[in-house]
Amino acid sequence: MPKAVIMHLASGAATTAALSFTHPPFSLLRRRVRLRPRLHKSPLSPTPVWATPLFHCSPSVPRHLLLAPYDLSSAAAGGGISAELLQDAGATALVMAGAYSLVSAFDNLTQNNLIEQSLSRKLVHILSGLLFVASWPIFSTSIEARYFASLVPLVNCLRLVIHGLSLATDEGLIKSVTREGKPEELLRGPLYYVLILISCALLFWRESPIGVISLAMMCGGDGVADIMGRRFGSLKLPYNQKKSWAGSISMFVFGFLVSIGMLYYFSALGYFQMDLVWTVERVALVSLVATVVESLPITGVVDDNISVPLASMVTAFLSFG
Ligand SMILES: Nc1ccn([C@@H]2O[C@H](COP(=O)(O)OP(=O)(O)OP(=O)(O)O)[C@@H](O)[C@H]2O)c(=O)n1
Ligand SMILES: C/C(=C\CO)CCC[C@H](C)CCC[C@H](C)CCCC(C)C
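Predicted model, so just to flag it, every value in this text is computed and none were measured.

Engineer: Looking at this model, I keep getting lost on the site of ligand 1. Mind explaining?
Structural biologist: Residues in close proximity to ligand 1 total 15 residues, the closest being Arg121, Lys122, Arg179, Ser244 and Asp304. At a separation of 3.2 Å, an oxygen atom of ligand 1 approaches a polar side-chain atom of Asp226. Here Asp304 contributes a side-chain N or O atom positioned 2.8 Å from an oxygen atom of ligand 1. Coverage of ligand 1 by the protein chains reaches 86% of its 580 Å² of free accessible surface. Elements with a minimum of two residues in the shell around ligand 1: helix 3 (117-134), helix 7 (209-232), strand 7 (240-244) and helix 8 (245-268). If you tally residues by element for the shell around ligand 1, the top one is helix 7, at five residues.

Engineer: So what exactly am I meant to see when it comes to the side chain of Asp107 here?
Structural biologist: With respect to the element layout, Asp107 can be found in helix 2 (residues 83-111). Although Asp107 is buried, it forms no salt bridge, and the closest oppositely charged side chain is Lys175 at an N-O distance of 7.0 Å. For Asp107, the residues in contact, after removing those within four places along its chain, are Glu171, Gly172, Lys175 and Ser176.

Engineer: Help me understand the packing of helix 6 (residues 189-203) against helix 10 (residues 304-320), please; the structure alone is not making it clear to me.
Structural biologist: Contact geometry for helix 6 and helix 10: axes closest at 9 Å, N-to-C directions at 25°. One way to sum up the angle between helix 6 and helix 10 is to call them roughly parallel. Of helix 10, the residues touching helix 6 (which contributes Gly189, Pro190, Tyr192, Tyr193, Ile196 and Cys200) are Asn305, Ile306, Pro309 and Met313. Its residues assigned to classes, the contact of helix 6 with helix 10 shows eight nonpolar, two polar and no charged.

Engineer: How do you make sense of the domain arrangement of the chain when you look at a structure like this?
Structural biologist: Much of the literature gives interface size as the accessible area that the parts lose upon coming together. Domain annotation of the chain identifies domain 1 (85-203) and domain 2 (206-321). The straight-line distance from the C-alpha centre of domain 1 to that of domain 2 is 20 Å. Every contact between the two is made by 25 residues of domain 1 and, on the other side, 28 residues of domain 2. Interface area, domain 1 with domain 2, both sides summed: about 2,200 Å², of which 72% is carbon and sulfur. Linking domain 1 to domain 2 there are three salt bridges. Arg231 serves as the salt-bridge partner of Glu116, at 4.0 Å between the closest nitrogen and oxygen. Secondary-structure elements contributing two or more residues to the side of domain 1 that touches domain 2 are helix 3 and helix 6. The element best represented in the side of domain 1 that touches domain 2 is helix 3, accounting for ten residues.

Engineer: I'm lost on the packing of aromatic side chains in this one. Help?
Structural biologist: Any two aromatic rings considered together are summarised by their centre-to-centre distance and by the angle between their planes. The tally for this structure, following the rule as stated, stands at eight aromatic pairs. Residues Phe132 and Trp136 carry aromatic rings whose centres are separated by 5.8 Å and whose planes lie at 85° to one another, so their mutual orientation is edge-to-face. The pair formed by Phe132 and Trp136 is uniform in burial state, with each residue classed as buried. Aromatic pair Phe266 and Phe272: ring centres 6.0 Å apart, planes at 35°, arrangement tilted. For Phe266, a relative accessible area of 0% translates into the label buried. Linked through ring pairs, Phe132, Trp136, Phe139, Trp205, Tyr265, Phe266, Tyr271 and Phe272 together constitute an aromatic cluster.

Calculation criteria
- Residues numbered from 1 in each chain as written.
- Chains lettered and ligands numbered in written order.
- Predicted model: local features only at pLDDT ≥ 70, side-chain atom pairs only at ≥ 80, totals over all residues.
- Heavy atoms only, no water.
- Near = heavy atom within 4 Å.
- Polar contact = N/O pair within 3.5 Å; in protein donor to acceptor, adjacent residues only side chain to side chain.
- Areas by Shrake-Rupley, 256 points an atom, 1.4 Å probe, with all protein chains shown as cover.
- Helix = DSSP H or I, 4+ residues; strand = E, 2+ residues; numbered from the N terminus.
- Buried < 20%, exposed > 50% of the residue type's maximum accessible area, 1.4 Å probe, protein only.
- Lys, Arg positive; Asp, Glu negative; His and termini not counted.
- Salt bridge = Lys/Arg side-chain N within 4 Å of Asp/Glu carboxyl O.
- Contact = heavy atoms within 4.5 Å.
- Axes fitted to C-alpha atoms, helices over the stretch in contact; angles between N-to-C directions.
- Parallel < 35°, antiparallel > 145°, perpendicular 65-115°, else oblique.
- Nonpolar A, V, L, I, M, F, W, Y, C, P; charged D, E, K, R; others polar.
- Domains from an automatic or database assignment.
- Buried area = accessible area lost by both parts, 1.4 Å probe.
- Phe/Tyr/Trp six-rings, centres within 6.5 Å; stacked < 30°, edge-to-face > 60°.

The structure is reproduced here in structure tokens:
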């Protein structure tokens, strides 16, 4: 039975990273993040008291959870490309195709007047990021996997810049992701959006809930706030007549639910061990802060696609550690 060694992060934060050791040969398993309250000793119990974990990871860690750089030795010895490299290349191609298909699908829906352009933009906003995060587990556990995954938003970033500068024309892209059909719009919200996707993939990846929660707030929360606010937002916020109670309440509720759902998804795949109450409290705090930031009349200063994920990252870092 592998012996689990619980290590507090340097900051002594409440989040711990569980490094599990298999019996010889030692192998560094993928860091599974344990989302648990701070270790404390109850006066009544000499041993540390942990909250009951919601999702248990099996102590025996499946092979696919081992973290290792690409085994290029076999390739160097003429053994061909490593399995992980092939897996990451295939996953990148698949997600890249998914990105192109998603935008094309909503372009067709908009072109055929099946949905409004503003709704198309918001659905692409919601689905792109969430499906991108959901695709992370299909990449290998190699150290380079996050860089392969980041290629997808990077290619789309270049696509947005090229068409935003009108160096080339892609009417489908412009119609499905802009509000007014102007190419230069691609250089604002959509561009910031893919830059945040790249940042979360590189900085947090599958090893921290911070990236997952931040993208859930930007995609699930902010996206739904727009849809609900436009339709039911007659009662405006006292400090921002462009935002409404319906939109902000939707931002909080859906940001929270999508975050919990994404954390559950990753914990079910063995990446996080979540303690329900402890996690719900912190996700609710992140969602509240993100909702307040999104409601502020600062759109002219900083885009929601920057302020919402950044506020979520800072709050999640302070509360999850
Ligand atoms: N808390 C919120 C958020 C949005 N909205 C509604 O949704 C519209 C667009 O919201 P906004 O956050 O400004 O979306 P943007 O990201 O700026 O719009 P786009 O993505 O189209 O650029 C607002 O004008 C408002 O009608 C709202 O009522 N309440
Ligand atoms: C309209 C958008 C933001 C404005 O608020 C979203 C723009 C989306 C990009 C044009 C496309 C991004 C694609 C993702 C990087 C990858 C999605 C992969 C998935 C499998 C569909």
